[in-house]
Amino acid sequence: MAWFVTSMRGIACRQLRTLGSLMARHPQQSAFVHNDGPLKGVKVLDLTRILAGPYTSMVLGDLGAEIIKIERPGHGDDTRSWGPPYVNNESTYFVSINRNKKSVVVDLKRSEGAEIVKKLAASCDVLIENYVPGKLNQYGLNYENLREITPGIIYCSITGYGPDGPYGDRPGYDVIAAGIGGLLNITGPEDGDPCKVGIPATDIATGLYASTSIIAALFEKQKSGLGQKIDCNLLNTQMAMLSYVAAAHLNAGVEWRRWGTAHGSIVPYQSFKTKDGYVVIGAGNNSHFRQLCKIMKLDNLADDPRFKTNDLRVKYRNELLEILTERFQQSTTNEWLELLEGCGFPYGPINTIGQALNDPQVKHNGLIQSVKNANSDKIDIIGPAVTFSESRNEIRSPPPVLGQHTVEVLKAELGLDDDSIARLDQENI
(Lines give C-alpha, C1' and ligand atoms only; values in the text may rest on other atoms or scores of the structure.)
Protein backbone atom coordinates (compact mmCIF):
# COMPACT_ATOMS: atom_id res chain seq x y z
CA MET A 1 0.00 0.00 0.00
CA ALA A 2 2.98 2.32 0.60
CA TRP A 3 3.62 2.61 -3.13
CA PHE A 4 -0.01 3.58 -3.68
CA VAL A 5 0.05 6.32 -1.04
CA THR A 6 3.35 7.69 -2.34
CA SER A 7 2.24 7.74 -5.95
CA MET A 8 -1.13 9.24 -5.08
CA ARG A 9 0.53 12.00 -3.05
CA GLY A 10 2.60 12.78 -6.13
CA ILE A 11 -0.56 13.05 -8.21
CA ALA A 12 -2.12 15.28 -5.54
CA CYS A 13 0.85 17.65 -5.55
CA ARG A 14 0.72 17.94 -9.34
CA GLN A 15 -3.06 18.56 -9.16
CA LEU A 16 -2.50 21.29 -6.58
CA ARG A 17 0.09 23.06 -8.73
CA THR A 18 -2.18 22.76 -11.77
CA LEU A 19 -5.18 24.17 -9.90
CA GLY A 20 -3.10 27.06 -8.57
CA SER A 21 -2.01 28.05 -12.05
CA LEU A 22 -5.49 27.61 -13.53
CA MET A 23 -7.14 29.75 -10.88
CA ALA A 24 -4.46 32.46 -10.75
CA ARG A 25 -5.66 35.93 -11.63
CA HIS A 26 -4.93 37.00 -15.18
CA PRO A 27 -3.84 40.61 -15.65
CA GLN A 28 -5.83 40.77 -18.89
CA GLN A 29 -8.85 38.89 -20.17
CA SER A 30 -7.90 36.08 -22.49
CA ALA A 31 -9.41 33.56 -24.86
CA PHE A 32 -9.46 31.15 -21.90
CA VAL A 33 -11.79 33.43 -19.98
CA HIS A 34 -14.12 33.93 -22.91
CA ASN A 35 -14.26 30.38 -24.20
CA ASP A 36 -14.49 28.30 -21.05
CA GLY A 37 -16.38 28.26 -17.80
CA PRO A 38 -14.80 29.86 -14.72
CA LEU A 39 -14.20 26.40 -13.19
CA LYS A 40 -12.45 25.00 -16.26
CA GLY A 41 -9.65 22.72 -15.09
CA VAL A 42 -11.35 21.71 -11.82
CA LYS A 43 -12.07 17.99 -11.64
CA VAL A 44 -14.90 16.67 -9.46
CA LEU A 45 -15.59 13.07 -8.40
CA ASP A 46 -19.33 12.80 -7.83
CA LEU A 47 -20.50 9.93 -5.60
CA THR A 48 -23.98 11.38 -5.13
CA ARG A 49 -27.44 10.38 -6.26
CA ILE A 50 -31.06 11.57 -5.98
CA LEU A 51 -31.19 15.42 -5.96
CA ALA A 52 -29.19 17.59 -3.51
CA GLY A 53 -25.84 16.04 -4.48
CA PRO A 54 -26.45 15.85 -8.24
CA TYR A 55 -27.74 19.43 -8.16
CA THR A 56 -24.46 20.46 -6.52
CA SER A 57 -22.33 18.80 -9.19
CA MET A 58 -24.59 20.10 -11.97
CA VAL A 59 -23.97 23.69 -10.85
CA LEU A 60 -20.21 23.05 -10.85
CA GLY A 61 -20.42 21.36 -14.25
CA ASP A 62 -22.36 24.26 -15.72
CA LEU A 63 -19.50 26.50 -14.56
CA GLY A 64 -16.97 24.41 -16.46
CA ALA A 65 -15.77 21.79 -13.97
CA GLU A 66 -15.27 18.22 -15.22
CA ILE A 67 -17.73 15.98 -13.36
CA ILE A 68 -17.05 12.24 -13.08
CA LYS A 69 -20.28 10.65 -11.83
CA ILE A 70 -19.88 7.23 -10.21
CA GLU A 71 -22.94 4.97 -10.61
CA ARG A 72 -23.91 1.42 -9.68
CA PRO A 73 -23.53 -1.15 -12.46
CA GLY A 74 -26.87 -2.09 -13.97
CA HIS A 75 -28.93 0.47 -12.06
CA GLY A 76 -27.16 3.79 -11.80
CA ASP A 77 -28.56 6.78 -9.94
CA ASP A 78 -31.92 5.91 -8.36
CA THR A 79 -33.58 8.80 -10.20
CA ARG A 80 -32.96 7.16 -13.58
CA SER A 81 -36.06 5.07 -12.79
CA TRP A 82 -38.10 7.76 -11.01
CA GLY A 83 -40.94 7.97 -13.47
CA PRO A 84 -43.12 8.32 -15.36
CA PRO A 85 -42.65 10.58 -17.16
CA TYR A 86 -39.71 9.36 -19.22
CA VAL A 87 -37.89 10.76 -22.22
CA ASN A 88 -36.16 8.18 -24.41
CA ASN A 89 -36.17 5.56 -21.61
CA GLU A 90 -34.65 7.97 -19.08
CA SER A 91 -36.70 9.64 -16.35
CA THR A 92 -37.23 13.36 -16.83
CA TYR A 93 -36.22 13.70 -13.16
CA PHE A 94 -32.74 12.34 -13.94
CA VAL A 95 -32.19 14.35 -17.12
CA SER A 96 -33.14 17.59 -15.36
CA ILE A 97 -30.12 17.53 -12.99
CA ASN A 98 -27.37 15.46 -14.63
CA ARG A 99 -26.11 17.40 -17.62
CA ASN A 100 -22.39 18.15 -18.05
CA LYS A 101 -21.35 14.88 -16.38
CA LYS A 102 -19.45 11.74 -17.32
CA SER A 103 -21.08 8.49 -16.17
CA VAL A 104 -18.72 5.79 -14.88
CA VAL A 105 -20.08 2.50 -13.51
CA VAL A 106 -18.15 1.06 -10.56
CA ASP A 107 -19.29 -1.24 -7.77
CA LEU A 108 -18.12 0.37 -4.53
CA LYS A 109 -19.04 -2.75 -2.56
CA ARG A 110 -16.30 -4.70 -4.30
CA SER A 111 -12.81 -4.08 -2.94
CA GLU A 112 -11.36 -3.57 -6.42
CA GLY A 113 -14.15 -1.16 -7.24
CA ALA A 114 -13.44 0.86 -4.10
CA GLU A 115 -9.73 0.97 -5.01
CA ILE A 116 -10.61 2.30 -8.46
CA VAL A 117 -12.69 5.09 -6.93
CA LYS A 118 -9.88 5.83 -4.48
CA LYS A 119 -7.43 6.27 -7.34
CA LEU A 120 -9.91 8.46 -9.21
CA ALA A 121 -10.29 10.61 -6.10
CA ALA A 122 -6.52 11.11 -6.04
CA SER A 123 -6.69 12.63 -9.52
CA CYS A 124 -9.55 15.01 -8.62
CA ASP A 125 -9.74 18.35 -6.85
CA VAL A 126 -13.15 17.76 -5.28
CA LEU A 127 -15.16 14.77 -4.05
CA ILE A 128 -18.88 15.04 -3.31
CA GLU A 129 -20.83 12.31 -1.52
CA ASN A 130 -24.26 11.99 0.08
CA TYR A 131 -24.15 8.63 1.83
CA VAL A 132 -25.47 8.07 5.35
CA PRO A 133 -22.67 9.15 7.74
CA GLY A 134 -20.12 6.39 8.21
CA LYS A 135 -21.18 4.34 5.17
CA LEU A 136 -18.12 5.22 3.06
CA ASN A 137 -15.81 4.21 5.93
CA GLN A 138 -16.57 0.63 4.93
CA TYR A 139 -14.91 1.21 1.57
CA GLY A 140 -12.00 3.36 2.77
CA LEU A 141 -13.51 6.38 1.03
CA ASN A 142 -14.04 8.59 4.06
CA TYR A 143 -12.29 11.95 4.30
CA GLU A 144 -9.71 10.83 6.85
CA ASN A 145 -8.46 8.05 4.56
CA LEU A 146 -8.48 10.08 1.36
CA ARG A 147 -6.64 13.08 2.77
CA GLU A 148 -3.74 10.76 3.61
CA ILE A 149 -3.54 9.93 -0.08
CA THR A 150 -4.43 13.34 -1.51
CA PRO A 151 -4.03 16.09 1.13
CA GLY A 152 -5.39 18.80 -1.15
CA ILE A 153 -8.77 17.12 -1.70
CA ILE A 154 -11.91 19.16 -1.02
CA TYR A 155 -14.36 16.62 0.36
CA CYS A 156 -18.01 17.68 0.52
CA SER A 157 -20.46 15.50 2.47
CA ILE A 158 -24.19 16.10 2.06
CA THR A 159 -26.33 14.38 4.68
CA GLY A 160 -29.83 14.62 6.07
CA TYR A 161 -29.02 16.02 9.49
CA GLY A 162 -25.25 16.27 9.92
CA PRO A 163 -22.39 13.83 10.55
CA ASP A 164 -23.38 13.16 14.18
CA GLY A 165 -25.98 14.04 16.80
CA PRO A 166 -29.37 12.45 17.62
CA TYR A 167 -30.33 12.09 13.94
CA GLY A 168 -26.82 11.58 12.55
CA ASP A 169 -27.35 8.01 11.41
CA ARG A 170 -30.71 8.65 9.74
CA PRO A 171 -31.14 8.88 5.97
CA GLY A 172 -32.71 12.14 4.86
CA TYR A 173 -35.17 13.20 2.19
CA ASP A 174 -36.30 16.71 1.33
CA VAL A 175 -39.87 16.41 2.62
CA ILE A 176 -38.72 14.92 5.96
CA ALA A 177 -36.20 17.71 6.57
CA ALA A 178 -38.85 20.25 5.53
CA GLY A 179 -41.20 18.74 8.09
CA ILE A 180 -38.69 18.66 10.94
CA GLY A 181 -37.44 22.14 9.97
CA GLY A 182 -40.90 23.72 10.14
CA LEU A 183 -41.40 24.53 6.45
CA LEU A 184 -44.42 22.25 5.98
CA ASN A 185 -46.13 23.78 9.01
CA ILE A 186 -46.06 27.28 7.49
CA THR A 187 -46.96 26.15 3.95
CA GLY A 188 -50.51 25.70 2.72
CA PRO A 189 -53.93 27.33 3.02
CA GLU A 190 -54.80 29.17 6.22
CA ASP A 191 -57.48 26.70 7.24
CA GLY A 192 -55.91 23.60 5.68
CA ASP A 193 -53.33 20.96 6.45
CA PRO A 194 -49.55 21.45 6.22
CA CYS A 195 -48.38 21.19 2.60
CA LYS A 196 -45.21 20.24 0.77
CA VAL A 197 -43.72 22.89 -1.48
CA GLY A 198 -44.32 22.05 -5.15
CA ILE A 199 -40.61 21.39 -5.78
CA PRO A 200 -37.95 19.92 -3.43
CA ALA A 201 -36.83 23.37 -2.30
CA THR A 202 -34.73 22.08 0.62
CA ASP A 203 -32.77 19.71 -1.64
CA ILE A 204 -32.16 22.39 -4.24
CA ALA A 205 -31.12 25.00 -1.68
CA THR A 206 -28.73 22.48 -0.12
CA GLY A 207 -27.21 21.94 -3.56
CA LEU A 208 -26.71 25.69 -3.91
CA TYR A 209 -25.15 25.95 -0.45
CA ALA A 210 -22.87 23.01 -1.21
CA SER A 211 -21.74 24.30 -4.60
CA THR A 212 -20.91 27.78 -3.30
CA SER A 213 -19.08 26.24 -0.34
CA ILE A 214 -16.98 24.11 -2.69
CA ILE A 215 -16.11 27.14 -4.80
CA ALA A 216 -15.12 29.01 -1.62
CA ALA A 217 -12.93 26.07 -0.57
CA LEU A 218 -11.26 26.06 -4.00
CA PHE A 219 -10.49 29.76 -3.54
CA GLU A 220 -9.11 29.09 -0.06
CA LYS A 221 -6.99 26.26 -1.45
CA GLN A 222 -5.54 28.69 -3.96
CA LYS A 223 -4.34 30.86 -1.07
CA SER A 224 -3.36 28.29 1.55
CA GLY A 225 -2.72 25.13 -0.47
CA LEU A 226 -4.98 23.21 1.89
CA GLY A 227 -7.90 20.95 1.13
CA GLN A 228 -10.70 20.51 3.65
CA LYS A 229 -13.92 18.75 4.53
CA ILE A 230 -17.25 20.50 4.00
CA ASP A 231 -20.37 19.28 5.81
CA CYS A 232 -23.76 20.28 4.37
CA ASN A 233 -27.07 18.87 5.47
CA LEU A 234 -30.74 19.28 4.60
CA LEU A 235 -31.86 20.23 8.11
CA ASN A 236 -29.33 23.06 8.49
CA THR A 237 -30.31 24.37 5.07
CA GLN A 238 -33.98 24.28 5.97
CA MET A 239 -33.42 26.06 9.27
CA ALA A 240 -31.31 28.74 7.55
CA MET A 241 -34.08 29.21 4.98
CA LEU A 242 -36.56 30.10 7.74
CA SER A 243 -34.93 33.54 7.80
CA TYR A 244 -37.36 36.19 9.09
CA VAL A 245 -39.83 33.52 10.22
CA ALA A 246 -37.28 32.12 12.67
CA ALA A 247 -36.25 35.65 13.69
CA ALA A 248 -39.88 36.47 14.54
CA HIS A 249 -40.05 33.51 16.91
CA LEU A 250 -36.59 33.96 18.39
CA ASN A 251 -37.00 37.66 19.11
CA ALA A 252 -40.72 38.28 19.43
CA GLY A 253 -42.14 34.88 20.33
CA VAL A 254 -44.31 34.84 17.21
CA GLU A 255 -45.31 31.36 16.05
CA TRP A 256 -45.70 31.76 12.27
CA ARG A 257 -48.67 30.08 10.69
CA ARG A 258 -49.91 29.14 7.25
CA TRP A 259 -50.98 32.08 5.13
CA GLY A 260 -51.69 30.46 1.77
CA THR A 261 -50.18 32.84 -0.78
CA ALA A 262 -50.44 35.79 1.64
CA HIS A 263 -47.76 37.34 3.86
CA GLY A 264 -47.96 37.67 7.61
CA SER A 265 -46.45 41.15 7.70
CA ILE A 266 -47.46 42.79 4.38
CA VAL A 267 -50.97 43.45 3.02
CA PRO A 268 -51.89 43.16 0.19
CA TYR A 269 -49.19 40.68 -0.81
CA GLN A 270 -50.86 37.57 -2.25
CA SER A 271 -52.82 36.04 -5.10
CA PHE A 272 -56.39 37.00 -5.99
CA LYS A 273 -58.91 35.04 -8.01
CA THR A 274 -60.00 36.75 -11.22
CA LYS A 275 -62.88 35.95 -13.53
CA ASP A 276 -60.82 33.23 -15.23
CA GLY A 277 -57.64 32.67 -13.21
CA TYR A 278 -55.40 34.37 -10.67
CA VAL A 279 -53.12 37.37 -10.33
CA VAL A 280 -50.45 37.97 -7.70
CA ILE A 281 -50.02 41.43 -6.20
CA GLY A 282 -47.11 42.73 -4.14
CA ALA A 283 -48.02 46.16 -2.78
CA GLY A 284 -45.03 46.47 -0.47
CA ASN A 285 -45.48 50.05 0.72
CA ASN A 286 -48.06 52.80 1.08
CA SER A 287 -47.29 54.30 -2.33
CA HIS A 288 -47.81 50.91 -3.97
CA PHE A 289 -51.13 50.47 -2.19
CA ARG A 290 -52.35 53.88 -3.26
CA GLN A 291 -51.42 53.10 -6.87
CA LEU A 292 -53.23 49.76 -6.70
CA CYS A 293 -56.37 51.44 -5.40
CA LYS A 294 -56.23 53.94 -8.27
CA ILE A 295 -55.89 51.19 -10.90
CA MET A 296 -58.77 49.24 -9.34
CA LYS A 297 -60.91 52.43 -9.17
CA LEU A 298 -61.08 52.08 -5.40
CA ASP A 299 -59.45 55.42 -4.55
CA ASN A 300 -61.50 55.75 -1.39
CA LEU A 301 -59.66 52.77 0.13
CA ALA A 302 -56.35 54.63 0.14
CA ASP A 303 -57.90 57.31 2.33
CA ASP A 304 -59.75 54.90 4.62
CA PRO A 305 -58.28 55.32 8.14
CA ARG A 306 -58.16 51.52 8.50
CA PHE A 307 -55.83 51.11 5.54
CA LYS A 308 -53.55 54.17 5.56
CA THR A 309 -50.40 52.30 6.66
CA ASN A 310 -49.16 48.76 6.30
CA ASP A 311 -49.49 48.16 10.06
CA LEU A 312 -53.15 49.10 9.82
CA ARG A 313 -53.68 47.02 6.70
CA VAL A 314 -52.24 44.01 8.54
CA LYS A 315 -54.58 44.74 11.48
CA TYR A 316 -57.63 45.07 9.24
CA ARG A 317 -56.48 42.42 6.76
CA ASN A 318 -59.81 40.60 6.49
CA GLU A 319 -61.85 43.72 5.81
CA LEU A 320 -59.46 44.92 3.09
CA LEU A 321 -59.09 41.56 1.41
CA GLU A 322 -62.84 41.10 1.21
CA ILE A 323 -63.11 44.32 -0.80
CA LEU A 324 -60.14 43.55 -3.07
CA THR A 325 -61.21 39.95 -3.66
CA GLU A 326 -64.66 41.02 -4.83
CA ARG A 327 -63.21 43.61 -7.19
CA PHE A 328 -60.59 41.33 -8.74
CA GLN A 329 -63.25 38.77 -9.67
CA GLN A 330 -65.02 41.30 -11.88
CA SER A 331 -62.37 41.14 -14.65
CA THR A 332 -60.23 38.52 -16.38
CA THR A 333 -56.57 37.91 -15.65
CA ASN A 334 -55.45 39.48 -18.93
CA GLU A 335 -57.61 42.52 -18.32
CA TRP A 336 -55.96 43.04 -14.94
CA LEU A 337 -52.49 42.50 -16.41
CA GLU A 338 -53.17 45.19 -19.00
CA LEU A 339 -54.35 47.62 -16.33
CA LEU A 340 -51.34 46.86 -14.12
CA GLU A 341 -48.76 47.33 -16.87
CA GLY A 342 -46.30 50.03 -15.81
CA CYS A 343 -47.81 50.37 -12.34
CA GLY A 344 -44.45 50.44 -10.55
CA PHE A 345 -45.02 47.57 -8.13
CA PRO A 346 -44.59 43.80 -8.66
CA TYR A 347 -47.48 41.80 -10.12
CA GLY A 348 -48.08 38.84 -12.38
CA PRO A 349 -50.33 35.92 -13.26
CA ILE A 350 -50.25 32.48 -11.67
CA ASN A 351 -49.15 30.38 -14.60
CA THR A 352 -49.40 26.67 -15.14
CA ILE A 353 -46.03 25.01 -15.81
CA GLY A 354 -46.82 24.99 -19.52
CA GLN A 355 -47.65 28.68 -19.46
CA ALA A 356 -44.49 29.44 -17.48
CA LEU A 357 -42.32 27.59 -20.00
CA ASN A 358 -43.89 29.62 -22.79
CA ASP A 359 -43.75 32.95 -20.97
CA PRO A 360 -42.24 35.61 -23.26
CA GLN A 361 -39.63 36.65 -20.69
CA VAL A 362 -38.58 33.03 -20.11
CA LYS A 363 -38.17 32.61 -23.87
CA HIS A 364 -36.26 35.88 -24.13
CA ASN A 365 -33.87 34.75 -21.38
CA GLY A 366 -33.07 31.58 -23.35
CA LEU A 367 -33.54 29.23 -20.41
CA ILE A 368 -34.99 26.29 -22.32
CA GLN A 369 -32.34 24.44 -24.28
CA SER A 370 -32.32 21.34 -26.46
CA VAL A 371 -29.52 18.75 -26.41
CA LYS A 372 -28.98 15.31 -27.92
CA ASN A 373 -27.74 12.36 -25.88
CA ALA A 374 -25.32 9.63 -26.99
CA ASN A 375 -28.15 7.96 -28.93
CA SER A 376 -28.96 11.23 -30.73
CA ASP A 377 -32.24 11.50 -28.82
CA LYS A 378 -33.43 15.09 -28.35
CA ILE A 379 -33.92 16.29 -24.76
CA ASP A 380 -35.28 19.68 -23.67
CA ILE A 381 -34.10 20.98 -20.30
CA ILE A 382 -33.88 24.20 -18.30
CA GLY A 383 -30.38 25.63 -18.54
CA PRO A 384 -28.32 27.58 -15.97
CA ALA A 385 -30.08 30.50 -14.31
CA VAL A 386 -27.05 32.81 -14.24
CA THR A 387 -25.09 34.42 -17.08
CA PHE A 388 -21.60 35.92 -17.03
CA SER A 389 -20.30 38.77 -19.17
CA GLU A 390 -16.85 37.21 -19.67
CA SER A 391 -17.32 33.48 -18.99
CA ARG A 392 -19.58 30.66 -20.04
CA ASN A 393 -22.13 29.03 -17.76
CA GLU A 394 -23.85 26.58 -20.05
CA ILE A 395 -24.90 23.10 -21.06
CA ARG A 396 -21.81 21.54 -22.64
CA SER A 397 -22.97 17.94 -22.77
CA PRO A 398 -26.31 16.14 -22.33
CA PRO A 399 -27.21 13.92 -19.39
CA PRO A 400 -25.16 10.74 -19.90
CA VAL A 401 -26.50 7.27 -20.53
CA LEU A 402 -25.46 4.81 -17.83
CA GLY A 403 -21.75 3.98 -18.03
CA GLN A 404 -21.26 6.06 -21.18
CA HIS A 405 -17.81 7.31 -20.14
CA THR A 406 -16.45 4.35 -18.16
CA VAL A 407 -13.86 3.30 -20.70
CA GLU A 408 -12.83 6.87 -21.50
CA VAL A 409 -12.30 7.82 -17.84
CA LEU A 410 -10.53 4.62 -16.77
CA LYS A 411 -8.10 5.01 -19.65
CA ALA A 412 -7.50 8.73 -19.25
CA GLU A 413 -7.35 8.92 -15.46
CA LEU A 414 -5.93 5.53 -14.46
CA GLY A 415 -4.15 4.41 -17.62
CA LEU A 416 -6.00 1.08 -17.79
CA ASP A 417 -5.78 -0.86 -21.04
CA ASP A 418 -8.61 -2.52 -22.97
CA ASP A 419 -7.97 -5.97 -21.48
CA SER A 420 -8.08 -4.66 -17.90
CA ILE A 421 -11.28 -2.76 -18.55
CA ALA A 422 -12.85 -5.78 -20.27
CA ARG A 423 -12.04 -7.93 -17.22
CA LEU A 424 -13.64 -5.39 -14.87
CA ASP A 425 -16.73 -5.37 -17.06
CA GLN A 426 -16.95 -9.16 -17.16
CA GLU A 427 -16.63 -9.35 -13.38
CA ASN A 428 -19.25 -6.60 -13.03
CA ILE A 429 -16.87 -4.37 -11.06
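An account of the accompanying structure is given in this report.

Cut-off values and rules
- Residues numbered from 1 in each chain as written.
- Predicted model: local features only at pLDDT ≥ 70, side-chain atom pairs only at ≥ 80, totals over all residues.
- Heavy atoms only, no water.
- Helix = DSSP H or I, 4+ residues; strand = E, 2+ residues; numbered from the N terminus.
- Buried < 20%, exposed > 50% of the residue type's maximum accessible area, 1.4 Å probe, protein only.
- Contact = heavy atoms within 4.5 Å.
- Lys, Arg positive; Asp, Glu negative; His and termini not counted.
- Charge placed at Lys NZ, Arg CZ, Asp CG, Glu CD.
- Pairing = 2+ DSSP bridges.
- Axes fitted to C-alpha atoms, helices over the stretch in contact; angles between N-to-C directions.

On a plain count of helices and strands, the chain comes out with 19 helices and 13 strands. C-alpha extents for the chain along the principal axes are approximately 85 × 50 × 50 Å. The buried share of the chain, reckoned over its 429 residues, is 44%. A fraction of 70% describes how many contacts in the chain between residues 6 or more apart in sequence connect residues 24 or more apart. On the chain, the mean spot of the 44 positive side-chain charges and the mean spot of the 48 negative ones are 3 Å from each other.

The pairing of strand E9 (residues 269-273) with strand E10 (residues 278-282) spans five bridges and is antiparallel. The partner of Lys 273 across the bridge, within E10, is Tyr 278.

What follows concerns the environment of Thr 212. Take Thr 212: it is sitting in helix H8 (residues 201-224). Each C-alpha atom, one on Thr 212 and one on Ala 65, is 13 Å from the other, the two residues being 147 residues apart in sequence.

A sheet is described by the order of its strands in space; here three strands give the open sequence E9-E10-E11, paired in antiparallel fashion. At either end of the open sheet lies a strand with only one pairing partner, and these are E9 and strand E11 (347-349). Averaged over all pairs of adjacent strands, the angle between their axes in this sheet comes to 20°, without regard to strand direction. Relative to E11, E10 runs antiparallel, the two sharing three bridges. Within the sheet, the bridge partner assigned to Val 280 lies in E11 and is Gly 348.

Strand order in this open sheet of six strands is E5-E2-E1-E6-E7-E8, and the pairing throughout is parallel. A single partner strand is all that each edge strand has here, and the edge strands are strand E5 (102-105) and strand E8 (228-233). Between one strand and the next, the sheet's axes are offset by a mean angle of 20°, whatever the strand orientation. Two strands pair when backbone bridges link them, and strand E7 (residues 154-159) and E8 are joined in this way by six bridges, in the parallel orientation. The partner of Tyr 155 across the bridge, within E8, is Lys 229. Each of strand E1 (43-47), strand E2 (66-71), strand E6 (126-129) and E7 is contacted by helix H3 (residues 52-62), which is oriented at about 155° to E2, the strand it contacts most.

Honestly, that's just the spatial picture; any functional story needs more than this.
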